[in-house]
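Chain by chain, the residues:
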Amino acid sequence: MSAAGTTTTNHVIPEMMHALQVVKLGLAEESLQYNQVKTPKVTSPHDILIEVRAAGVNPVEAKARQGNLPIPFLSTPRIMGSDYSGIVVDKGAKVTEFNIGDAVYGSLLQPIGPNGSYAEYILTSRSYLYGGAIIKKPDNISFEEAAGVGIALVTAYQAIAGSSYNLPKEGTKKILVIGASGGVGTYAIQYAKTIPDTQVIGVCSGKNAKLVRSLGADDVIDYTSKEAMDTLVKDEARTYDMIVDCIGGDDYYYQVISLLKKKGVYSTAVGPSIHFGAQKQGLLDVAKIGMTLLSRKLFGSHSYQITLIPSWKVLEMEVAPLLASGKIKTVLREDQIFDLKDGVQAHKKIESHRTVGKIILRV
Ligand SMILES: NC(=O)c1ccc[n+]([C@@H]2O[C@H](COP(=O)([O-])OP(=O)(O)OC[C@H]3O[C@@H](n4cnc5c(N)ncnc54)[C@H](OP(=O)(O)O)[C@@H]3O)[C@@H](O)[C@H]2O)c1
């Protein structure tokens, strides 16, 4: 353990660091400020201090920053961000799995902060209660790729693996991924293709069809074409084992539910409200959504699942090996990698719902 301002091996840990702070809830340009704040310190034997190289941006962070989610006591200033990659620069005496100098990636417990990954340094912990996920970064994955993984890949994994109980044991399985070009969707296509003998069809716009095919999709349906969607519904009724919905909303649910076989599963990462949280959601809205979820679960024509909270154990134990083996990659575009100080642009991009793959803050 070392005090901030001192040197740990060759690394000088500064007293102050830069971080992207949410100073008030609202529009990105009024809310996010690139400020100097105190660098966190290792104070417990389970703590790990990481010099952040990249942080992943997720829609939930923008939704919370806008004040659209009914989260009580969301005080400001706070640093948002869950997903990160970086270098271990200090650690407590009881941390034995990681050494100073290790390249790592992972997720903190809370995407909404208050001490999140949009910062030059983060403190994580191996204690059972306070720890998120932390994994050694394989050399074949860049810091930017690793920072994209956390919430989005775990969600895609849980939505599919957690709903796979009804997949037929034999014969070809068929999975439809709605929103196949986004952060969750690009991972969902790739993970679905790791299930043996599975045909995966992506629903995305025509401009992203080539990308979605390149991730392994056997076919793509252009959701902007009424004709293409009508043909899908007409020709492929009762042929799918699973629908993975990364967009949400009642329209998709009613449009495609008839595609499922009798034992098929509708698995959503979002629920009955399209892009849930893009608009302000009060407690009453959440109650209504809860009732719809419950009625679909209890009385719907098909099994209905919603992924609510990503599990960090899943990230360490089940998802990390898929990345290390190269079976799943993060989709990154250079124009979606922003410097930490340009977080306003990153948040505006994620709010547009036009992201392709992941958005990353380079630190
Ligand atoms: N439950 C959880 O724990 C959990 C965890 C992570 C994420 N989520 C939620 O899951 C959703 C997906 O997140 P994301 O990171 O993938 O980002 P996203 O911003 O929702 O996805 C962007 C992608 O969606 C596509 N898209 C937009 N409207 C569409 C539509 N009507 N039909 C099909 N595709 C459409 C866009 O492609 P085009 O530009 O071509 O339209 C773009 O590539 C978000 O609402 C997020 O909050 C939930």
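Residues numbered from 1 in each chain as written. Predicted model: local features only at pLDDT ≥ 70, side-chain atom pairs only at ≥ 80, totals over all residues. Heavy atoms only, no water.

With an unreviewed UniProt entry as reference, the protein is termed Chaperonin 10-like protein, source organism Phascolomyces articulosus.

**A closer look at the nonpolar core**
The cut-off we apply is this: Definition used in this section: a nonpolar core is a set of buried Ala, Val, Leu, Ile, Met, Phe, Trp, Tyr and Cys residues joined via side-chain atoms within 4.5 Å. Each residue is assigned to one of three classes by its accessible area relative to the maximum for its type, calculated with a 1.4 Å probe on protein chains only: buried under 20%, partly exposed between the two thresholds, exposed over 50%. Helix numbers and strand numbers start at the N terminus; a helix is a DSSP run of H or I with at least 4 residues, a strand a run of E with at least 2. Should any heavy atoms of two residues lie within 4.5 Å, those residues are considered in contact.
Among the nonpolar cores identified, the biggest contains 43 residues, and Ile 160, Val 177 and Val 244 are the most heavily contacted of them. Mapped onto this core, the elements with two or more residues apiece are strand E10 (133-136), helix H4 (150-161), strand E11 (173-178), helix H5 (183-193), strand E12 (198-204), helix H6 (209-214), strand E14 (240-245) and helix H10 (312-324). With residues near it in sequence (within four places) discarded, Val 177 still touches Gly 185, Ala 188, Ile 189, Val 200, Ile 201, Gly 202, Val 203, Val 244 and Cys 246. With 28 residues, the next largest nonpolar core counts Ala 55, Val 57, Leu 74 and Val 89 among its residues.

**Details of the sheet that holds strand E13 (residues 219-222)**
We apply this condition: When DSSP finds at least two bridges between two strands, those strands are taken to pair. Only C-alpha atoms enter the line fits that serve as axes; for helices the fit covers just the stretch in contact. Angles between N-to-C directions range over 0 to 180 degrees.
Spatial strand order, E13-E12-E11-E14-E15-E16: 6 strands in an open sheet with parallel pairing. Bordering the open sheet on either side are E13 and strand E16 (303-306), each of which pairs with just one other strand. Averaged over all pairs of adjacent strands, the angle between strand axes in this sheet comes to 20 degrees, irrespective of strand direction. On the sheet, helix H7 (residues 226-235) packs against E12, E13 and E14 and is oriented at approximately 125 degrees with respect to E13.

**Topic: the pattern of salt bridges**
Just so we agree on the cut-off: Between Lys or Arg on one side and Asp or Glu on the other, a salt bridge is scored when a side-chain nitrogen of the former is within 4 Å of a carboxyl oxygen of the latter.
Applying the stated criterion across every chain, the model contains 20 salt bridges. Between Asp 339 and Lys 341 there is a salt bridge whose closest N-O contact spans 3.9 Å. One network of salt bridges, with partners in common, ties together Glu 97, Arg 126, Lys 313 and Glu 316.

**Observations concerning the domain arrangement of the protein**
Threshold: Note that the domain bounds were set by an automatic or database domain assignment. We define buried area as the total accessible area lost by two parts upon association, computed with a 1.4 Å probe and summed across both. By the criterion applied in these results, polar contacts are pairs of N or O atoms within 3.5 Å in which, for protein atoms, one can donate a hydrogen and the other can accept it, and in which residues neighboring in sequence qualify only through two side-chain atoms.
Per the domain assignment, the segments making up the protein are domain 1 (7-149 + 330-362) and domain 2 (153-306). Summarising the inter-unit geometry, the C-alpha centres of domain 1 and domain 2 are found 29 Å apart. Contacts between the two partners involve 17 residues from domain 1 and, on the opposite side, 22 residues from domain 2. Interface area for domain 1 against domain 2, summed over the two sides, is near 1400 Å², with a carbon-plus-sulfur share of 54%. One can count 0 salt bridges joining domain 1 with domain 2. Seen at the junction of domain 1 and domain 2, the total is 12 residue pairs in polar contact (both at pLDDT 80 or more).

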